Structure formats: structure tokens, C-alpha cells
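Coordinate analysis (summary)
Single-letter residue listing:
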Amino acid sequence: MAAPTRARLAGEGHPETDVWAYNNTVPGPIVRLRQGEPARIIVENHLDQDTTVHWHGIRLPNAMDGVPGLTQPPIKPGESFTYEFTPPDAGTFWYHPHANSLEQLGRGLAGAIIVEERETVPVDRDLLWLLADWRLTSGGEIASGFGNRMEAAMSGRVGNTVTLSGQVSEEEPIRAGERIRLRLVNGSLARVMALRFEGHRPVIVAIDGQPCDPHEPEGGRILLGPAMRIDVALDMQGEPGRRYRVIDDFYDGLSYWVTQLAYGEKPPIREHPPDAPLSLLRNPLAEPDLANADRHELTLQGGMMGGGAMTGMGGMMGGMMGMGGGAAWAINGMSMTGDGHAGMEPALTFQRGHSVVLVLRNETAWWHPMHFHGHSFRVLSRNGVRVPHRQWQDTVLMAPRDAVEVAFVADNPGDWMLHCHVIDHQMAGMMTVLRVA
Ligand code: C2O
Ligand code: CU
């Protein structure tokens, strides 16, 4: 159920905030599903505007994907919609609206999904942190001004308050010696995060729900773009009684800590970390045949440049398909704005069952987490350099000027969105439709 309510985001002793929430909690309840078992979720709309729910990263039938106009009619106020699907992959996913997304997500509509493995995973604790970024006024209310055009042409709506599963966090209790599977979800509209765990060595075991070769992040920083999920294994080898900060230092000069790992006084539950690294079973994804794949290219264009002048917009205005003002971004010269559309001609059509290599070229001066619905893709290379683990993802974070090659089997029929998950960028034109026919 999506409805307005109030939440204490800054913690006890701070004012409450008017939010929009699923089942009256921010974030919404963790939806727990089982791999390969049918799920049925009824969404009631108690907002005063249309909504839908997108089950981000889950490979499901097109009609259940939650894109208004494209895959279903919007859920009107007072109406409901039943989503039914069987998640093929175990892992960490999330759900959020796909209608008036900037405001609905920005006011609190988001929640995590855990699809449980068939076998139990050997950890002492399974934790989930849904990190969300809010722009609050000094009075503790959500600042209005969603869809500011300047912002939309730059970094997007980055806020001023980061919550951990619904509250600003001072500390998270830790037992010395335990092994934790920590599921990180970036539910922000626009904030990219780079997380460091003081005194600890997190090992990445899954990205966007898909298990990968366990590896330590480059430079010890976990880069987490909006909509991305990263599961890490953490062996808590710190000292009892001590605190260790979890720092986000993505934006130069603006580092802050997300929380502190607060060790209790009890002695470690084990002296040494378990010998074997945590390793998860792979999901049943079809392996793309790279030698025979169809190659396509998508170029990301637009945005405000350093000097403040619009560039890269030259040949683009003509291709705006009459969507007019508000477009600041484009993909291959076309700006699809908003959340979803009926009757869109797809930018690319893939033959069902074919392997596809897609080159994403960021010609802009900004970061973009690019998300493709209905599929996971292998990230093959970045700027011509092979990516060591070639992991599966559904959202790939692109730095300014990056060129990234991804590959997948187009095995899920339908019209699927591909868009930037900085929601202002999506709404302002960085979105397109790809068809699997
Ligand atoms: Cu989470 Cu269309 O996105
Ligand atoms: Cu973007």
C-alpha cells in the first residue's frame, strides 16, 4: 500500500517529516521472496496521484515490470494492481514507483527485496542497509522544487541527509568475530556513494543481486551508484568496545560518515575469520555468445558543461519527438522524458534469443548509473580495458566520458526501458526503449 504518512528520519528528538510510504514505513517493508517460487504482491494506491511499482533488477514477465504506458496502465488513486512473478535469481533487489518517480521516490517510496537462495548461506548475520538521500528543510520537511531544470542538467537532486534503513544512524551494533553478509542498496535519487569501512576489509560477493567472484573493492572503496546493490562479506575483526566509521567520500571535500560499527564488549565469537571466503551460487543466467553477438551502440548526450553552456545538444533538438521543453539529455539524439510512454518506437530491436553486445558511450561531463529493465548484463570492458570479473549487473555506473561494453542474451520478450537512474536525468530525457521481439 502506497500512502502518505510521517517518519522520524533524523532520529529521536528531531521533528517528524511528511513522507509517502509503503505500508506506513520508510523504507517500505523488506519483501522476502524465494528463488523459483511464485510471488503475488497487491499494490493499493492511497496517494492522490497515479503510481506503479517497478521490481528493480528482477527478471520477470514484461507485463509485471511496472512501467506506466509501456507495460501497464498506471494505478489510479484508490485502485490496486496485482503483480505476479517468479523470481529466477536469488539476491538483493529493490522496488520503487515508476510514475512521477522523482517526487514519489524522493518522498520515501522505496523498499528492498531479498530473494532467498535455496540453500542457506553460511554467515552469522544477514544485514540490509537501504541508504537513501533526502533534501530536508531546516524544519525537517522534504524540500519542494522537484524537477529543478538546472539541477536536472547537472548532478540531479542530491540531498543533505542520508538515512540508513529509514533513519540517520549513529551506530550499528557489532559482535566481534562475526561474519556478516551486508546487503547495501543505494535508494537515492541522485547521490553516488563511495563507501569505506575503517579498519575492515569488505569482500564484494554480489553486485546488483548477481553473485560474482569474491573480491576486494579497488582502493577499498565500494562505489555504489543510485539503484545499485552490492553484497559484501564482512569479517568483524575489530576490537571489542571500539567504533569504526563507515565513510562516504564520493564527492571531493564532502565526506561524511554513514554510521559507525559499534563493537560490544563481549569477546569475539571466533578468534580467526573462517578460512573460506563467502561464495554464493550463481544464478541461472544465459551466457552471451560473444563471437556471434549483434553489436549496438548507445550514446549518452547533453547536460550542462563546465562553463555553463549547453553543448552536445546541436543535432539533438530536432530529434526530440515533440517532447519539447524540459529535455536536457538524450540517448542517440532522442530525448524520452518522464517515466514511461505508450506507443513508443524502440530505439533498438533485438531478436529473441540472440546475444547482444551493447556499447554505452557517455559523451557528457556527468556520472550516469544506466539501468536496463528485464535483463542482467555482463560488464565486459571499460574504456577498452577488460573488466577483471566481468560481473553481471542491471545498473552500470558510468563516469564522465566512459565507454562501457556490456553483453547479454535478449531472452526476455517485450519492450524494456533503459535509462539513467539519476531520476532527474531520466525524467529530463536520458531514457529509451529497447525491444526484444
Ligand atoms: Cu529502478 Cu526504470 O528503474
Ligand atoms: Cu544520468
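Structure report, in brief. Source: prediction; values computed, not measured. Per chain, residue numbering runs from 1 following the sequence as it is written. The lettering of chains begins at A and the numbering of ligands begins at 1, in the order of writing. Given that the model is predicted, a residue must reach a pLDDT of at least 70 before its local features are reported, and side-chain atom pairs must reach 80 or more before they are shown or counted; all residues, however, enter totals for whole chains, interfaces and linings. Side-chain figures throughout are based on the complete set of non-hydrogen atoms in the structure, without hydrogens or water.

Turning our attention to unusual backbone geometry. Note that the residue after V26, namely P27, is joined by a cis bond; omega there is -10°. Secondary structure elements are defined from DSSP: runs of H or I of at least 4 residues count as helices, runs of E of at least 2 residues count as strands, and each element is numbered from the N terminus. Mapped onto the fold, P27 is located in the loop between β2 (17-22) and β3 (31-34). Its identity is not glycine, yet R390 carries a phi of approximately 45°, on the positive side. Tracing the chain through its elements places R390 in the loop between β26 (385-386) and β27 (392-393). Here R401, not a glycine, exhibits a phi torsion of approximately 70°, which is positive. With respect to the secondary-structure elements, R401 resides in the loop between β28 (395-398) and β29 (403-409).

With that out of the way, let us pick up the sheet that holds strand β18 (residues 243-248). For two strands to be treated as a pair, DSSP must find no fewer than two bridges joining them. One open sheet accounts for 5 strands, arranged β11-β19-β18-β13-β16; its pairing is mixed. Each of the sheet's edge strands pairs with one partner strand only, and the pair in question is β11 (172-174) and β16 (222-224). Ignoring strand direction, the axes of neighbouring strands in this sheet form an average angle of 25°. Note: strand β13 (residues 193-197) against β18, 3 bridges, orientation antiparallel. If you follow R196 over to β18, its bridge partner there is I247. Here the axes come from fitting lines to C-alpha atoms, over the contacting stretch only for helices, and the angles between their N-to-C directions go from 0 to 180 degrees.

Around the copper ion (ligand 2), the protein contributes the donor atoms H368 (ND1), C420 (SG) and H425 (ND1), which lie 2.0 to 2.1 Å from the metal centre. Between the donor residues of the copper ion (ligand 2), the gaps in sequence give the motif H-x51-C-x4-H. Listed donors are limited to N, O and S atoms within 2.8 Å of the metal, widened to 3.2 Å for Na, K and Ca; water is not among them, so incomplete-looking sites are possible.

Here F93 shows up in strand β7 (residues 91-97). Relative accessible area serves as the criterion here: at 1%, F93 is assigned to the buried category. In this structure F93 touches H56, G57, I58, A112, I113, V115, D208, G209 and R229, once residues within four positions along its chain are discounted. Using a 1.4 Å probe on the protein chains alone, a residue whose accessible area is under 20% of its type maximum counts as buried, one over 50% counts as exposed, and one in between counts as partly exposed. In this analysis, two residues are considered to be in contact whenever any of their non-hydrogen atoms come within 4.5 Å of each other.

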